[in-house]
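Structure assessment
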Amino acid sequence: TEGRMPADCLFCRIAAGEIPATKVHEDDLVFAIRDINPQAPTHVLFVPRQAIATLNDLVAADAELIGRLVLAATAFAKSQQLADDGYRLVMNCNRHGGQTVFHLHLHLLGGRAMDWPPG
Ligand code: 5GP
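Right, let's walk through the structure included here. Every value quoted in this text rests on a predicted model; they were computed, and no experiment measured them.

Here we take up the pairing of strand β3 (residues 42-48). In terms of residue burial, β3 counts as a mostly covered element, since seven of its seven residues are buried. Alignment of strand β2 (residues 30-34) against β3, held across five bridges, turns out to be antiparallel. When the sheet's bridge partners are listed, Arg 34 is paired in β3 with Val 44. Bridge analysis of β3 against strand β5 (residues 106-110) gives five bridges, and the strand direction is antiparallel. Bridge pairing links Phe 46 to Leu 106 in β5.

What follows is the structure, given as structure tokens:
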């Protein structure tokens, strides 16, 4: 399930502790860090430990992993009292999606009202 991961993959290095990050969640499959350039009062990235480059590289065997990624994000949103007002979960894919880090991740954005459609 691993597609074209660069040897210097940023989130692999953060997972390995080689680059510092503010971790807000860790379990057997997923970790979460605060985004270095937050686009909302809460901006957290939920990252599978397994390095998968993009949404295009997911296979059926990754179904549990993706479910766990979403459940980690929704549990964290509830823990931060974001659930009632709401929040946004986003996964960017490749150029048109605006993906810049090619290790799959789910953005949790909360704490302000979001616009739709996105830019
Ligand atoms: P993408 O554009 O791929 O959907 O999201 C990548 C995200 O990673 C961006 O929101 C960017 O601000 C964040 N990011 C880039 N470099 C770092 C870093 O070194 N540490 C952390 N915590 N976030 C980063």
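Once you've had a look at it, read on.
We now examine the site of the ligand. Lining the immediate surroundings of the ligand are 16 residues, of which Arg 34, Asp 35, Asn 92, Thr 100 and His 107 lie closest. At 2.8 Å, a side-chain N or O of His 107 approaches an oxygen atom of the ligand. Taken by itself the ligand offers 520 Å² of open surface, and the protein chains cover 83% of this. Those elements giving two or more residues to the shell around the ligand turn out to be α1 (10-15) and β2. A total of three residues in the shell around the ligand trace back to one element, the largest contributor, which is α1. Of the residues belonging to the shell around the ligand, the class tally is seven nonpolar, seven polar and two charged.

This next bit is on helix α2 (residues 63-79). With 17 residues, α2 extends 24 Å from end C-alpha to end C-alpha; this agrees with the ideal 24 Å at 1.5 Å per step. Buried residues of α2: Leu 65, Leu 69, Ala 72, Ala 73, Thr 74, Phe 76 and Ala 77, and no others. Close packing links the buried residues of α2 with β1 (23-26), β2, β3, β4 (87-90) and β5. Directly beyond the C-terminal end of α2, a positive phi value near 60° is found at Gln 81.

The subject of this paragraph is the pattern of salt bridges. In this structure the tally under the stated criterion is six salt bridges. Measuring nitrogen to oxygen at the nearest pair gives 3.9 Å for the salt bridge that ties Glu 26 to Lys 23. For Lys 23, a relative accessible area of 34% corresponds to the partly exposed category. The salt bridge partner of Asp 27 is Arg 68, with a shortest N-O separation of 3.4 Å.

Of note, His 43 is situated in strand β3. The buried category is assigned to His 43, whose relative accessible area is 5%. A distance of 3.0 Å separates the side chain of His 43 from the backbone nitrogen of Gln 39, its partner in a polar contact. Other than its neighbours up to four places away in sequence, His 43 contacts Ile 33, Arg 34, Asp 35, Asn 37, Pro 38, His 107, Leu 108 and Leu 109.

Definitions and cut-offs
- Residues numbered from 1 in each chain as written.
- Predicted model: local features only at pLDDT ≥ 70, side-chain atom pairs only at ≥ 80, totals over all residues.
- Heavy atoms only, no water.
- Buried < 20%, exposed > 50% of the residue type's maximum accessible area, 1.4 Å probe, protein only.
- Helix = DSSP H or I, 4+ residues; strand = E, 2+ residues; numbered from the N terminus.
- Pairing = 2+ DSSP bridges.
- Near = heavy atom within 4 Å.
- Polar contact = N/O pair within 3.5 Å; in protein donor to acceptor, adjacent residues only side chain to side chain.
- Areas by Shrake-Rupley, 256 points an atom, 1.4 Å probe, with all protein chains shown as cover.
- Nonpolar A, V, L, I, M, F, W, Y, C, P; charged D, E, K, R; others polar.
- Expected span 1.5 Å × (residues − 1).
- Contact = heavy atoms within 4.5 Å.
- Salt bridge = Lys/Arg side-chain N within 4 Å of Asp/Glu carboxyl O.

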